[in-house]
Amino acid sequence: MLADTAALARQAREAGQGLGAFNVILLEQAEAFVAAAESTGHPVVLQLSENAVKYHRGSLAPLGRALVALAEGSAAPVAVHLDHAEDTALCYQAIELGFTSIMYDGSKLPDDENRRTTAEIVRAAHAAGLSVEAELGEVGGKDGVHAPGARTDPADAAQFVADTGVDLLAVAVGTSHAMSTRDAVLDLDLIERLAAAVPVPLVLHGSSGVSDLGMQAAIRAGMVKINVSTHLNGVFTRAARVELDANPKLTDPRKYLGPGSTAMQKEAARLLNLYAI
Ligand code: G3H
Ligand code: ZN
């Protein structure tokens, strides 16, 4: 069933667990994540980023509608989230399409304009029953630059939530986007201080760079929504590549996307169980 992202995150926080939020580029990946949620009995957040929308020739609706349909037809609670959106028009479109949450990133705007625009998005989203995530203290790596040194200040974070009314807050605590090794060092003490200072569930971006044990420690320290993309894409692509290398004459995409999807489902299920400490 389609479920509200912030409500799932609050439930996870109360249970001391993490909520898996996995990025989707292809429909097969979304199907794999929903199957993983159903097989484990844990909820999942399907995330479609503004970058993925650009890949789909700028159209949010085709894959966005498919994600909502998958969530509605699922036996497990599934949320549908617009990820890393800088374009406010895309946010309003996600509201129309029945998404359950939006991450609005106004960090490139001057600070007061960012707060004002974020608060406007929050008002529109709340009126339609969606929740909103924002980010404070930029998580490095979005432009391929490793910047694991970025940190979010707990008092600033609490003030930002008060000023904007966001339901979830992404914080910088040592991760960096698109890491291909799982050796990021998290600032667990800062996560604890942020969790104590910030009234809404915390979100970890760039989670591909975190080891299994590191992630469980982060969840115990108070991290809730765990965003993973690169790691699961790697699992998908490696499995597809094995098929392509073994069968150079393959033409039917189902023959290589299928194994990719199966491998991704297995790893997503493993992660969902790992987060449910
Ligand atoms: O918003 C999505 C995530 O932050 C994914 O980051 O590709 O490093 O796992 P990642
Ligand atoms: Zn991210």
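Owing to the predicted nature of the structure, the values given are computational and were not obtained by experimental measurement.

A. Highlighting the site of ligand 1. As a structural note, the neighbourhood of ligand 1 is formed by 13 residues, with Asp 83, Ala 178, Gly 206, Ser 208 and Thr 230 the closest of them. Ser 229 has a polar backbone atom sitting 2.9 Å from an oxygen atom of ligand 1. A total of 310 Å² of accessible area belongs to ligand 1 in isolation, and the protein chains cover 96% of it. Going through the elements one at a time, strand S3 (78-85) and strand S8 (223-228) are the ones with two or more residues in the shell around ligand 1. Of the residues assigned to the shell around ligand 1, the class counts are two nonpolar, ten polar and one charged.

B. Main features of the coordination of the zinc ion (ligand 2). On the protein side, the zinc ion (ligand 2) has His 84 (NE2), His 177 (NE2) and His 205 (ND1) as donor atoms, found 2.0 to 2.1 Å from it. In primary-sequence terms, the residues that donate to the zinc ion (ligand 2) follow H-x92-H-x27-H. On the criterion of sequence distance, the pair formed by His 177 in the loop between strand S6 (168-171) and helix H8 (188-197) and His 205 in the loop between strand S7 (202-204) and helix H9 (212-221) is long-range, its members being 28 residues apart. The same class applies to His 177 as to His 205, namely buried.

C. Inspection of the nonpolar core at higher detail. In this structure, Phe 22, Phe 99 and Leu 169 are the most contacted members of the largest nonpolar core, which totals 74 residues. The contact partners of Leu 169, leaving out residues within four places of it in the chain, are Ala 134, Glu 135, Leu 136, Ala 157, Phe 160, Val 161, Val 198, Val 200, Pro 201, Leu 202 and Val 203. Among the nonpolar cores identified, the runner-up in size contains twelve residues, and Ala 3, Ala 9, Leu 168 and Val 203 belong to it.

D. Just the packing of helix H10 (residues 230-246) against helix H11 (residues 254-275), in detail. Closest axis-to-axis distance for the H10/H11 pair is 7 Å, and the angle between their directions is 145°. The two elements H10 and H11 cross, and the hand of that crossing is right-handed. Along the contact surface, H10 presents His 231, Leu 232, Asn 233, Val 235, Phe 236, Ala 239, Ala 240, Glu 243 and Leu 244, while H11 presents Lys 255, Tyr 256, Leu 257, Pro 259, Gly 260, Ser 261, Ala 263, Met 264, Glu 267, Ala 268 and Leu 271. In terms of residue class, the contact of H10 with H11 is made up of 13 nonpolar, four polar and three charged.

E. A look at the UniProt feature "binding site: Zn(2+) 1" (unreviewed entry) in the chain. UniProt annotation of "binding site: Zn(2+) 1" (unreviewed entry) refers to His 84, His 177 and His 205 when read in the numbering used here. Sequence-wise these annotated residues cover 122 residues; spatially they are packed, their C-alpha atoms never more than 11.9 Å apart. Checked against the element boundaries, His 84 lands in strand S3. Engagement of the side chain of His 84 in a polar contact is seen with the side chain of His 177, the distance being 3.3 Å. Judged by its relative accessible area of 1%, His 205 is buried. With residues near it in sequence (within four places) discarded, His 205 still touches Asp 83, His 84, Met 103, Glu 133, Val 139, Ala 170, Thr 175, His 177 and Asn 227.

The rules behind these values
Residues numbered from 1 in each chain as written. Chains lettered and ligands numbered in written order. Predicted model: local features only at pLDDT ≥ 70, side-chain atom pairs only at ≥ 80, totals over all residues. Heavy atoms only, no water. Near = heavy atom within 4 Å. Polar contact = N/O pair within 3.5 Å; in protein donor to acceptor, adjacent residues only side chain to side chain. Areas by Shrake-Rupley, 256 points an atom, 1.4 Å probe, with all protein chains shown as cover. Helix = DSSP H or I, 4+ residues; strand = E, 2+ residues; numbered from the N terminus. Nonpolar A, V, L, I, M, F, W, Y, C, P; charged D, E, K, R; others polar. Donors = N, O, S within 2.8 Å, 3.2 Å for Na, K, Ca; no water. Buried < 20%, exposed > 50% of the residue type's maximum accessible area, 1.4 Å probe, protein only. Core = buried A, V, L, I, M, F, W, Y, C linked by side-chain atoms within 4.5 Å. Contact = heavy atoms within 4.5 Å. Axes fitted to C-alpha atoms, helices over the stretch in contact; angles between N-to-C directions. Left-handed = near helix turned anticlockwise from the far one by under 90°. UniProt positions renumbered as here; feature names shortened; annotations may be inferred.

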